[in-house]
Structures are given as C-alpha cells and as structure tokens.
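Architecture at a glance
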Amino acid sequence: MNKLKKFSFNIDSKSVQFFLIAIVLFWLKTYVAYRIEFNLGIDNSVQKFLLFINPLSSAFLFLGAALVFKKHWGAVLIGIQFVLSFLLYANVVYYRFFDDFITWPTILQLKVNGGQTDSALSLMTPYDIFYFTDTILLVLLLALKVYQLKSVSTRKIALIPMVVAVGIFLFNLSLAEADRPELLTRSFDRNYLVKYLGTYNFTIYDAVQTARSSMQRTFASSDDVTEIENNLKANFAKPNADYFGQAKGMNVMYISLESLQTFLIDYKLDGQEVTPFLNSLAHDGKTFYFDNFFHQTGQGKTSDAEFMMDNSLFPLSQGSVFINKAQNTYHAAPAILKSRGYTSAAFHGNYKTFWNRNEIYKAFGYDQFFDATYYNMTPENVKNYGLKDKPFLEESMPLLESLPQPFYSKMILLSNHFPFAMDEGDTDFPAGDFGDKVVNQYFQSANYMDQALEEFFHNLKEAGLYDNTIIVMYGDHYGISENHNSAMERVTGEEITPFKNAQLQRVPLFIHVPGVKGGVVHKYSGEVDVQPTILHLLGVDTRNYLHVGNDILSPEYKEVVPFRNGDFVTPEVTQVNGVCYDNETGEEIEDQQCSSDDQVVKEKLEISDRIVTKDLLRFYQPEGYVPIDPNDYQYTNGTKE
Ligand code: GP9
Ligand code: MN
C-alpha cells in the first residue's frame, strides 16, 4: 500500500498532464500517418479499430521509458519522441517511393550502397513538418514554461506506463491473431504486420528476426560446404539422355495452381468434371502428368512452393524462408539461366510485399516482377488476396509478350484460395453438398481456375508462344486442411486416417515440352525435384549445384519424398509421426525399409536446412555459374500513377 502511495503521490499533476499530452499527440499523429500515407488495405471494422489503438501501446512503452531518468525525464521524453517521429517519417518517405516499409536488412544495405539522398529529397514536401509538430509543441511547452516539470522521486514510476503498454499490446495482439491467425509465426506480409501491430512494433519484431537470422549465419564458414558438396554429388541423379537438352533455348513458364490437390483431377461432381481442361492434359499423352507428386511446403505455403521450384532447396521448418532468408545468396533458376541469355519475370495479382517477394526475387535474379500495380485491381476483378485468375491471366498476356525471349517466367494464381468463396456471376458450376461450406466451394473455385487456364492456353497458342515454351503447372500446397476431414470423408468415401491424410498431400504436376512425347508418370516425387528436371530438359547440367532435389525423369531418381515435417512417402510405405504404414493396406507395419528411408529423409532435410540457415551458398561458386548481384534489381512500377 505504501508503495502504491509513493507512485501516486510523487508525480505531480502537471507532469502527468504533460506526459498524457505527449502520448495523445504521438498517438494521433501516428494514426493520421497510417490513414493518409500508407495503403494498408483495411477491410473490416476490427482492422479499423486495431489500426486506431495500435500506436497507443508504443506511445506508453517508449515515452514511459523516459521516466527512468528521474530528473531529466522531460528532455529525454522529447528526445524519444523525436527519434520515433523520425522513424515514422523515414517510413513515410520510403513508402512513397517503394510502396513498402523499411526493414533492418534494407537499412544495413543502404549503408553499403551509400543511400540515395537525391531521390529521398524529392519525396519530401514542406507539409511533412506535420510529422514533427508534436515534438515542436512539447519543446515549446517546456521552453515557454507552460509546464515546469518536477523530477520523479522513483524510477519505479516508469512501471505504470509499461504495464499499460503491455496490457494494450496483448489486447491488440489477441484481436489481431483472431482476425489473422498465425500472424507472428507465418508473418505473411509487412503490410499486415503494420496494419495489425503498427510501425514501431514492426520495427522491433523485424530487428529480432534479423538478429536471429544473422546469428545463424555468423559461425558458418566454407568448411561447412565440403561435406554437403560430397553428399549431394554422391546422391546426384544423372540426366536422362532421352530428355537432356530436348527443350534447349525454349521459354519456361511455371504456373502455380493455387491450393489444387490431386484428388480433384478426374473427380466428377454430379457427373460433371471439376477440372475438365486439366484432365484433358493429364490424358493427352503429350503432357507429362505426375500423379504421385507431393507438396513439401511448410508455413510459407505458396512462397515455399515457389522457393522449391526456383532453388531445389527445402523451405524452413518454421516461418517463411522468403521472409527470414531474403538476404541469402542463392543459385536460383532465373540467375542460372541469365548467363544463357534468358530474361526472367514473375507475375502475380497481389502486392509485391506479400511473402516479401519483392526482396527475395532480387536474390533469385528475377529481372521483372509484375505485381498488382500492373493490373486492373477494380473491385469486381478482385477477390480475397487479389486479382481473380481470369483477368489476371488475360492482362498478363501483353506483359508476357513484351518480354525478350527466351524467358523464364512464373504466373502465381490466386482464385482457388481458402475459403474458396466466389462472386456471383463468376461460376455456374455446382457447389458440393458435403456439409462444409469451404469444401463445397472448393469445387467451384477450382473449376473457375480450370476455365481460366483453358483460355490462357488458347491465348498462348494465338500468340505463338505455346510451341516454344515449356509449361510447368503445379498445385502449390493442400487446399483442404485436416479441419475439414469429416467433409473430406464424404468426398473421398473413405475414412481419413493419418495415412490417408498423408496420401492426400498429392498435388498435380504437369510438364508440357513442345515436341516431346509426354504421358502419365507414376514416380513418387516432390516439389524440390522440379528445378533439376526442368534445367536438364533445357540442357543445363545441375551436377555442380548444391541443390537437394533430383531430376524426376532420370533413371537414377530415388522415390523417397520427404515432407517438410519429416514424414515421408515412397511407392511402398508412408511414415507419419514416426509410424510406418504399408501403402497397399494402409495398416501400421514394422519395416526395415521405413527406418532406412527415415535416415535418408532426415539427412536430406538437414543438409538443406544447413545450406539455408547458414547461408552456405555464399561460400560456393558452381562451375560455369555467373553470380548475380541482388542490388542490381528493383521492382518499382514506373508506369503507376
Ligand atoms: C498471396 C498468395 C497466397 O500472394 O500467394 O498465399 P498463400 O496463403 O497460399 O501462401
Ligand atoms: Mn498458395
């Protein structure tokens, strides 16, 4: 009780007033900046509310810290206020140019590049003084002696604003997590983190992530590479002589089929095929269709799949490799092909910061990134995460045609994304009737995607691109999670056991190579294997690259497919959570093969993790590879108004 008294009586009311004025000014200023400077895509009232309260916890936390400096707390508070204002303003200016928030890696890089003072100046206006008015006002209040602050008698007084700050922050975070689950673990997008947690908290979060990531790489050296190199070379599957170089000089186009699982291929709902176009490719004998192909993604979902397609390395077991390891050195397909005369481009109807694509694409060597700013993002064209597949693919055609050939490109589709809701008029396909809205809608949105693809293929043929382009289409990850197992039991007519669930992680893979006979390939394979398969078709030997996947078409390809969580499948057995199942019966078995495959899988994942977390490719120069410099790339849309 005595202590409490001390708290309440030893700070005079004038000081409390001054402190609260500082808090309110800082709070409102930050909120105004959020509203007028940043395009945060606020789409519901929870998000509106979160945006309004999120500067408040930072205000209490940082400004409250000034009270630790008993005598000079007023001056310290103004100092802190100024530093925070400067941080906010730096973000405002940076955003005006880059449509993005500042991150620690970019600040550190700025030091290396010497910064761009001229262009920064051109982004400032005299009105920007607004961002410092609160600091100026506080200085005036003290200088003109409107407030004469007394020193606080105990440092412990600072605990009060700290507790308030933590309270508000936890409230804020719980609302944010409810609106956007796994916000911090998956982290998705800087825009989201700022929208939900605010710029100041984002800077702290980013600092922790950056520090963790750079610690992991600090103790690595070129010695770490030798063992890995030996292992990967010993396990290398040499190219198939029948296919090697068959597509030499051709364009490459990947199409990421959002959330498409293999069970939909040839599936009929009420007698109607859900994906008639893809089904026709699966059976045309001209396209390679892989019916035992599995996704190997972790929390980074779409971006993890992209990571594997470009790098033939596994994504991280936790968090997103796109976000946490964007500063690494990579030997990605766009960079490998660059020295062979290829131009590369990524196409996606969402904004470039999502999954930190605009940063990591630089490390992969993508020349161009056509993000949402290049498309007509009208309300009727947009659903869920971005542009619907039909307008996306249509509007991509002229952009694609503008690329110098040969090109390496990827189209990342979006419409078939959880929760698979469609706008009226976009589908006349029947919904399922399985007692689960998400599952029911899945058939409609997959059918929409299938139609979009058929139109796109038609346009590619019209444009003369079809005959000189390898087209690779893959389901990026599952669409229907285990939460929907009871509806899935009705869809598949089988009980979804852990074994069955693993089998459901099949996603379709199609590879069309002009002039090469295709057919159904039953080999058990995964996303990490696609890159060497395609590079070999293009006549690029991948023997000297530190890539963990192998060419699926090689006669030496070994059919053991690791999942990111350490489970795996082979043509004979499936291991889930350490339990081995016989593929034919689905029954648990004690199997010698399972334990030796388990070793292979663990080793493969471990090697990949070492390469990625320790950033080992920076110590390794594959023979014939011309390194690229990420700093040479920038994805700002010059044509944007
Ligand atoms: C967002 C899109 C969807 O840009 O790629 O991401 P997901 O949630 O599937 O990872
Ligand atoms: Mn996805």
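Residues numbered from 1 in each chain as written. Chains lettered and ligands numbered in written order. Predicted model: local features only at pLDDT ≥ 70, side-chain atom pairs only at ≥ 80, totals over all residues. Heavy atoms only, no water.

1. Thoughts on the overall build of the protein
In terms of helices and strands, the protein carries 23 helices and 18 strands. Relative to its length of 641 residues, the protein is compact, with a C-alpha radius of gyration of 27 Å against a globular reference of 26 Å. When its C-alpha atoms are laid out on the principal axes, the protein stretches across 85 × 55 × 55 Å. Put simply, the protein has 641 residues, and 57% of those count as buried. Residue pairs in contact within the protein that sit at least 24 positions apart in sequence constitute 78% of those at least 6 positions apart. The averaged location of the 75 negative side-chain charges in the protein is 13 Å from the averaged location of its 53 positive side-chain charges. (Helix = DSSP H or I, 4+ residues; strand = E, 2+ residues; numbered from the N terminus. Rg over C-alpha atoms; globule rule 2.2 N^0.38 Å. Buried < 20%, exposed > 50% of the residue type's maximum accessible area, 1.4 Å probe, protein only. Contact = heavy atoms within 4.5 Å. Lys, Arg positive; Asp, Glu negative; His and termini not counted. Charge placed at Lys NZ, Arg CZ, Asp CG, Glu CD.)

2. Some points on the pattern of salt bridges
Using the criterion set out here, one finds 23 salt bridges in the structure. A salt bridge links Asp 134 to Lys 29; the shortest N-O distance between them is 3.0 Å. Placement of the pair is Asp 134 in helix H7 (residues 133-143) and Lys 29 in helix H2 (residues 13-37), with a sequence separation of 105 residues. A relative accessible area of 3% places Lys 29 in the buried class. One connected set of salt bridges, linked through shared partners, spans Glu 306, Asp 310, Arg 357 and Lys 410. (Salt bridge = Lys/Arg side-chain N within 4 Å of Asp/Glu carboxyl O.)

3. Let's talk about the site of ligand 1
Around ligand 1 lies a shell of 12 residues, among which Lys 301, Thr 302, His 348, Arg 357 and His 417 are the nearest. In the model, an oxygen atom of ligand 1 is placed 2.6 Å from a nitrogen or oxygen of the His 348 side chain. A distance of 2.8 Å separates an oxygen atom of ligand 1 from a polar side-chain atom of Arg 357. Isolated, ligand 1 exposes 310 Å² of accessible area, and the fraction of that covered by the protein chains is 99%. Looking at the shell around ligand 1, its residues break down into 3 nonpolar, 5 polar and 4 charged. (Near = heavy atom within 4 Å. Polar contact = N/O pair within 3.5 Å; in protein donor to acceptor, adjacent residues only side chain to side chain. Areas by Shrake-Rupley, 256 points an atom, 1.4 Å probe, with all protein chains shown as cover. Nonpolar A, V, L, I, M, F, W, Y, C, P; charged D, E, K, R; others polar.)

4. Description of the state of the cysteines
In the structure shown here, the tally under the stated rule is 1 disulfide. Across the disulfide from Cys 580 sits Cys 594; the S-S distance is 2.0 Å. On the S-S bond that ties Cys 580 to Cys 594, the torsion sits near 90°, and the link is right-handed. Taken together, the residues span a long stretch of sequence, with Cys 580 in strand S18 (residues 579-582) and Cys 594 in helix H23 (residues 592-613) at a distance of 14 residues. Just as Cys 580 is buried, Cys 594 falls in that class too. (Disulfide = S-S within 2.5 Å.)

5. A closer look at the packing of aromatic side chains
Aromatic rings considered in pairs are described by the distance between their centres and by the relative angle of their planes. A full pass over the atoms with the stated rule returns 48 aromatic pairs. Centre to centre, the rings of Phe 369 and Tyr 635 are 6.0 Å apart; their planes meet at 85°, and the pair counts as edge-to-face. Of this pair, Phe 369 sits in strand S7 (residues 368-370) while Tyr 635 is found in the segment after H23, placing the two residues 266 residues apart along the sequence. Taking relative accessible area as the criterion, Phe 369 reaches 4% and is therefore assigned buried. (Phe/Tyr/Trp six-rings, centres within 6.5 Å; stacked < 30°, edge-to-face > 60°.)

6. Focus: the nonpolar core
One recurring pattern in soluble globular proteins is that nonpolar side chains are buried together. Residues Tyr 361, Ile 470, Ile 511, Ile 534 and Leu 538 are the most contacted members of the largest nonpolar core, which totals 132 residues. Summarising the domain contributions, this core has at least three residues from each of domain 1 (2-216) and domain 2 (240-632). Contact partners of Ile 470, with chain neighbours within four places excluded, come to Ala 247, Met 250, Asn 251, Val 252, Met 253, Ile 511, His 512, Val 513, Pro 514, Ile 534, Leu 537 and Leu 538. By size, the runner-up hydrophobic cluster in this structure holds 54 residues, among which are Tyr 289, Phe 347, Phe 420 and Val 491. (Core = buried A, V, L, I, M, F, W, Y, C linked by side-chain atoms within 4.5 Å. Domains from an automatic or database assignment.)

7. Brief notes about the environment of Gly 298
Mapped onto the fold, Gly 298 is located in the loop between strand S5 (293-294) and helix H14 (301-311). Distance in space between the C-alpha atoms of Gly 298 and His 477 is 9.0 Å, their sequence separation being 179 residues. When residues no more than four places from it in sequence are discounted, the contact partners of Gly 298 are Asp 304, Pro 315 and Arg 564.

8. A look at the domain arrangement of the protein
Annotation of the protein at the domain level lists domain 1 (2-216) and domain 2 (240-632). One C-alpha centre belongs to domain 1, the other to domain 2, and the line joining them spans 40 Å. Facing the 20 residues of domain 1 at the interface are 20 residues of domain 2. In total, domain 1 and domain 2 occlude about 1,700 Å² of area from one another, counting both sides; carbon and sulfur atoms represent 37% of this. Our count for the contact surface shared by domain 1 and domain 2 stands at 0 salt bridges. (Buried area = accessible area lost by both parts, 1.4 Å probe.)

9. A short note on the environment of Val 225
Mapped onto the secondary structure, Val 225 falls in helix H12 (residues 223-234). Judged by relative accessible area, Val 225 falls into the buried class, the value being 5%. Put simply, Val 225 and Leu 616 are 391 residues apart on the chain and 6.6 Å apart in space, counted from C-alpha to C-alpha. Beyond its immediate stretch of four places on either side in the chain, Val 225 contacts Leu 546, Leu 616, Phe 619 and Tyr 620.

10. Here's the deal with helix H17 (residues 357-364)
Within H17, 8 of the 8 residues are buried, leaving the element largely enclosed by the surrounding structure. Listed as buried for H17 are Arg 357, Asn 358, Glu 359, Ile 360, Tyr 361, Lys 362, Ala 363 and Phe 364. Backbone geometry just after H17 places Gly 365 at a positive phi near 90°.

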